[in-house]
Amino acid sequence: MSGPGSVKQQVQQFYDQVGWQQVAEGVYQNMRYEDLRPVSEEYRHRCHLRVGRYLVPQGRFLLDAGSGPVQYPEYLTYSHGYTYRVCADLSLVALKEARARLGSHGLYVVADVANLPFRSEVFEGAVSLHTFHHLPLEEQEQAYHELYRVLKPGATGVVVNGWTDSPLMRRFEPLLRLMERIKARWGRSPAPSHAQNNMKAAVPSPSGTFVEKMTPAWLKARIGAHIPLEIRVWRSVSVRFLRAMIHERLLGRVWLRLIFALEERFPHYFGENGQYPMIILRKPQ
């Protein structure tokens, strides 16, 4: 049996049983889908901080829709100017982990991001990070409207998601395949960290959970026609690109600084053509 209800149940079970299980202090199984190598650390950090630029700097309530455990240190900075961070998630495990990080600064609600249990116009800011793509497209549309509904006039919401097919990453596909073949044949991976060893041992390589991504055309037609939005870059390159192309011995940090500089110079181009867009919703006064 399939349908929105069964999809959400699948996602909830995945994160309760796998995704938000810690394998080391502050390291979760779900992080296996990120490039955690030191060579990418500065780039990851700077991309994470982009979200905070577009939020109202202070207020009473910041909504974190699909908060997870608020797993990255940079995520904590988004609510520094707010009295409370309202963490809404289907996963009780995620909310317990978020409470361990935020304590009394957080308010914790088991909730569906496509059916938020809040009255309209109560939040001065909102974020949703890598969550909406776990919904079928029709419910993603509903989730955008829900996020916009609960924002106060003059407030901003920021959604980070992924495109179904990134034109930029498609252009790199032949080179990615070549680098992956070279790495498989001759590459020598650095010794794994204790956390990485734990991550491999904890569960037998989970395949993940339901994901349905979108296109810029779909977003503009279905959401932009009703809600004022702007598409900017969060991160233009995929995890696969990072793992295949970026290496210490090949001046990986230098290349990532160049990529970041280009993203800063052309945020709308890389937002629509790169891998991960940042969708900014601004509610007029």
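Scroll up to find the structure this text is about.
Residues numbered from 1 in each chain as written. Predicted model: local features only at pLDDT ≥ 70, side-chain atom pairs only at ≥ 80, totals over all residues. Heavy atoms only, no water.

### Structural notes on the overall build of the protein chain
(1) Moving on: Tallying secondary structure elements over the protein chain gives twelve helices and nine strands in all.
(2) Moving on: For the protein chain, with 285 residues in total, the buried portion stands at 53%.
(3) Moving on: Of the contacts made within the protein chain by residues no fewer than 6 positions apart, 78% connect residues no fewer than 24 positions apart.
(4) Moving on: For the protein chain, the accessible area works out to roughly 13800 Å², and carbon and sulfur atoms hold 56% of it. (Helix = DSSP H or I, 4+ residues; strand = E, 2+ residues; numbered from the N terminus. Buried < 20%, exposed > 50% of the residue type's maximum accessible area, 1.4 Å probe, protein only. Contact = heavy atoms within 4.5 Å. Areas by Shrake-Rupley, 256 points an atom, 1.4 Å probe, with all protein chains shown as cover.)

### Overview of the sheet that holds strand β5 (residues 106-110)
(1) Moving on: Ordered by their spatial adjacency, seven strands build an open sheet running β5-β4-β3-β6-β7-β9-β8, and the pairing between neighbours is mixed. At either margin of the open sheet sits one strand with a lone partner, and together these are β5 and β8 (229-235). Here the average twist between neighbouring strands, direction ignored, is 20°.
(2) Moving on: Sheet topology note: the strand β3 (residues 59-65)/strand β6 (residues 123-129) ladder contains three bridges and is parallel. Each bridged residue has a counterpart across the sheet, and for D64 the counterpart in β6 is V127.
(3) Moving on: Together, β3, β6, β7 (151-160) and β9 (276-282) form the strand contacts of helix α5 (residues 137-150), whose direction differs from that of β7 by roughly 145°.
(4) Moving on: Seen against the sheet, helix α9 (residues 216-224) touches β8 and β9 and runs at an angle of roughly 145° to β8. (Pairing = 2+ DSSP bridges. Axes fitted to C-alpha atoms, helices over the stretch in contact; angles between N-to-C directions.)

### A closer look at the pattern of salt bridges
(1) Moving on: One pass over the full model with this rule turns up 20 salt bridges.
(2) Moving on: Note that E124 and K152 form a salt bridge whose closest N and O atoms lie 3.1 Å from each other. Of this pair, E124 sits in strand β6 while K152 sits in strand β7, placing them 28 residues apart in sequence.
(3) Moving on: Given the relative accessible area of 15%, E124 is considered buried.
(4) Moving on: By relative accessible area, K152 is classed as partly exposed at 31%.
(5) Moving on: A salt bridge links R170 to D165; the shortest N-O distance between them is 2.8 Å.
(6) Moving on: Given a relative accessible area of 42%, D165 falls into the partly exposed group.
(7) Moving on: Each of R50, R53, E263 and E264 takes part in a single network of salt bridges with overlapping partners. (Salt bridge = Lys/Arg side-chain N within 4 Å of Asp/Glu carboxyl O.)

### Let's talk about the packing of aromatic side chains
(1) Moving on: With the rule as written, the count across this model stands at nine aromatic pairs.
(2) Moving on: A ring pair is formed by Y72 and Y75, whose centres lie 5.3 Å apart and whose planes are at 75°; its orientation type is edge-to-face.
(3) Moving on: Its relative accessible area of 11% is what places Y72 among the buried residues.
(4) Moving on: Given the relative accessible area of 4%, Y75 is considered buried.
(5) Moving on: With 5.2 Å between their ring centres and 80° between their planes, F172 and F241 make a pair best called edge-to-face. Taken together, the residues F172 in the loop between α6 (167-171) and α7 (173-186) and F241 in helix α10 (residues 239-245) connect sequence positions 69 residues apart.
(6) Moving on: Residue F241 is classed as buried on the basis of its relative accessible area of 5%. (Phe/Tyr/Trp six-rings, centres within 6.5 Å; stacked < 30°, edge-to-face > 60°.)

### Some words on unusual backbone geometry
(1) Moving on: The phi angle at V70 is positive, at roughly 55°, despite the residue not being glycine.
(2) Moving on: By secondary structure assignment, the location of V70 is in the loop between β3 and α3 (73-77).
(3) Moving on: V70 gets classed as buried once you look at its relative accessible area, which sits at 0%.
(4) Moving on: You will see that L251, though not glycine, has its phi angle at about 60°, which is positive.
(5) Moving on: Checked against the element boundaries, L251 lands in the loop between α10 and α11 (252-265).
(6) Moving on: On the basis of relative accessibility, which here comes to 54%, the residue L251 falls in the exposed class.

### What to know about the nonpolar core
(1) Moving on: In terms of nonpolar packing, the biggest core is built from 40 residues, with Y43, V51, L55, Y78, F241 and M278 touching the most fellow members.
(2) Moving on: Other than its neighbours up to four places away in sequence, Y78 contacts H48, V51, G52, L55, L62, R85, V127 and L129.
(3) Moving on: Core analysis: the next-biggest nonpolar cluster, separate from the first, contains 31 residues, A126, L135, Y148 and A155 among them. (Core = buried A, V, L, I, M, F, W, Y, C linked by side-chain atoms within 4.5 Å.)

### Things to note about the packing of helix α2 (residues 41-49) against α11
(1) Moving on: For the pair α2 and α11, interaxial distance at closest approach is 9 Å and the crossing angle is 20°. Between α2 and α11, the interaxial angle falls into the category roughly parallel. Both α2 and α11 take part in a crossing whose hand is right-handed. Across the interface between the two elements, E42, Y43, R46 and C47 from α2 touch L256, R257, I259, F260 and E263 from α11. (Parallel < 35°, antiparallel > 145°, perpendicular 65-115°, else oblique. Left-handed = near helix turned anticlockwise from the far one by under 90°.)

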